[in-house]
Amino acid sequence: MAFLEVQNLTKTFGGLRANDSISFSLEREELIGLIGPNGAGKTTLFNCICGHHPVTSGRIIFDGQDVTALKAHAMARLGIGRTFQVYAATGDLTVLEKVMVGCFLHTRSRSKARACAEEILGDLKLFDLSDYLVSELPVAAQKRVVMAMALGTQPRLLLLDEVAAGLNTPEIEEIMASIRHVNKDRGVTVILIEHVMEMVMKVSERIIVLDYGAKIAEGPPEVIAKDSKVIKAYLGERYAKEHGTIDHRSSINDQNQIR
Ligand SMILES: Nc1ncnc2c1ncn2[C@@H]1O[C@H](COP(=O)(O)OP(=O)(O)O)[C@@H](O)[C@H]1O
Ligand SMILES: [Mg+2]
């Protein structure tokens, strides 16, 4: 059985179907990308998988266990960790303390939580920033701290929501390297929501595309880049032209934020 199985997951908000009967599965230690236009339902899907939102219908099976009805805290204990898209670097905690917060999920000991946080900060090359307030750091460092915070809960499945948003090319390379490292060397399974196509196409083994709440495509990056439905709904003419994947049969829009 797959590591994560999402079966016909539907989430409605009043009359809006934010997730419309989405099904997919994920193998242990895979790294997959989740893309689609703004409002497609990507963050909602994360919120359902991590127990933040109750699903309207459908099932979520994680590591052989039906976790559909579990709340966020129980999901985190089982090993589902996530970052939040809107992250305010507020409060007066240092980087070390922020990462320790997650570590306290598995221990009550302050020294153990500290050791756990220091290991993660060292591993993500953030150790030198331990004593800074998160709000004092440049955005690129804050994004890596956000990942470190999520790792504090010791996830086996990590849901990353737009961690490269607002970064420049070298910073994107750097966070991409961190994500690969977390996946390959720490053995964490990853689902990555990302609008930066160069990044998502490069790091993902497989990509799932949402549009208006529904899954419209799934496959390897090179197949997704040529899919006329995906070009029409999301990638747009510019991306397809630049990558030589344009499909002249589709009517194309170019509304997207490809950088
Ligand atoms: N808590 C909520 N209450 C009501 N509507 C919501 C809520 N969260 C998301 N939505 C709506 O669900 C749709 C999908 O949103 P979202 O999952 O944030 O999309 P994405 O992350 O792909 O941009 C949008 O129309 C959004 O306005
Ligand atoms: Mg979102």
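Residues numbered from 1 in each chain as written. Chains lettered and ligands numbered in written order. Predicted model: local features only at pLDDT ≥ 70, side-chain atom pairs only at ≥ 80, totals over all residues. Heavy atoms only, no water.

Brief notes about the layout of surface pockets
Turning to step 1, where the next piece is worked out: Each pocket or cavity is described by its volume, and for the largest pocket that value is around 490 Å³.
Turning to step 2, where the next piece is worked out: If you go around the largest pocket, you meet 20 residues; those closest to its centre are Arg82, Phe84, Met149, Ala150 and Thr153.
Turning to step 3, where the next piece is worked out: Put simply, the parts of the chain that give the lining of the largest pocket at least two residues each are helix 2 (72-78), strand 6 (80-82), helix 3 (95-103) and helix 5 (139-152).
Turning to step 4, where the next piece is worked out: Taken together, the residues of the lining of the largest pocket sort by class into twelve nonpolar, six polar and two charged. (1 Å grid on protein atoms, 1.4 Å probe; cavity = no way out; pocket = protein on both sides within 12 Å on 5 of 7 lines; lining within 4 Å. Points joined across faces, edges and corners; volume = space filled by probe spheres on them. Helix = DSSP H or I, 4+ residues; strand = E, 2+ residues; numbered from the N terminus. Nonpolar A, V, L, I, M, F, W, Y, C, P; charged D, E, K, R; others polar.)

What about the state of the cysteines?
Turning to step 1, where the next piece is worked out: Applying the stated criterion across every chain yields a total of one disulfide.
Turning to step 2, where the next piece is worked out: Paired by a disulfide, cysteine 103 and cysteine 116 hold their sulfur atoms 2.4 Å apart. Taking the sign of the torsion about the S-S bond as the criterion, the disulfide between cysteine 103 and cysteine 116, at about -75 degrees, is left-handed. Of the two residues, cysteine 103 sits in helix 3 while cysteine 116 sits in helix 4 (residues 110-123), which places them 13 residues apart along the sequence. Neither residue differs from the other here; cysteine 103 and cysteine 116 are each classed as buried.
Turning to step 3, where the next piece is worked out: For cysteine 48, which is in no disulfide, the shortest distance to another cysteine sulfur is to cysteine 50 and amounts to 8.5 Å.
Turning to step 4, where the next piece is worked out: Assessed through its relative accessible area of 5%, cysteine 50 is described here as buried. (Disulfide = S-S within 2.5 Å. Buried < 20%, exposed > 50% of the residue type's maximum accessible area, 1.4 Å probe, protein only.)

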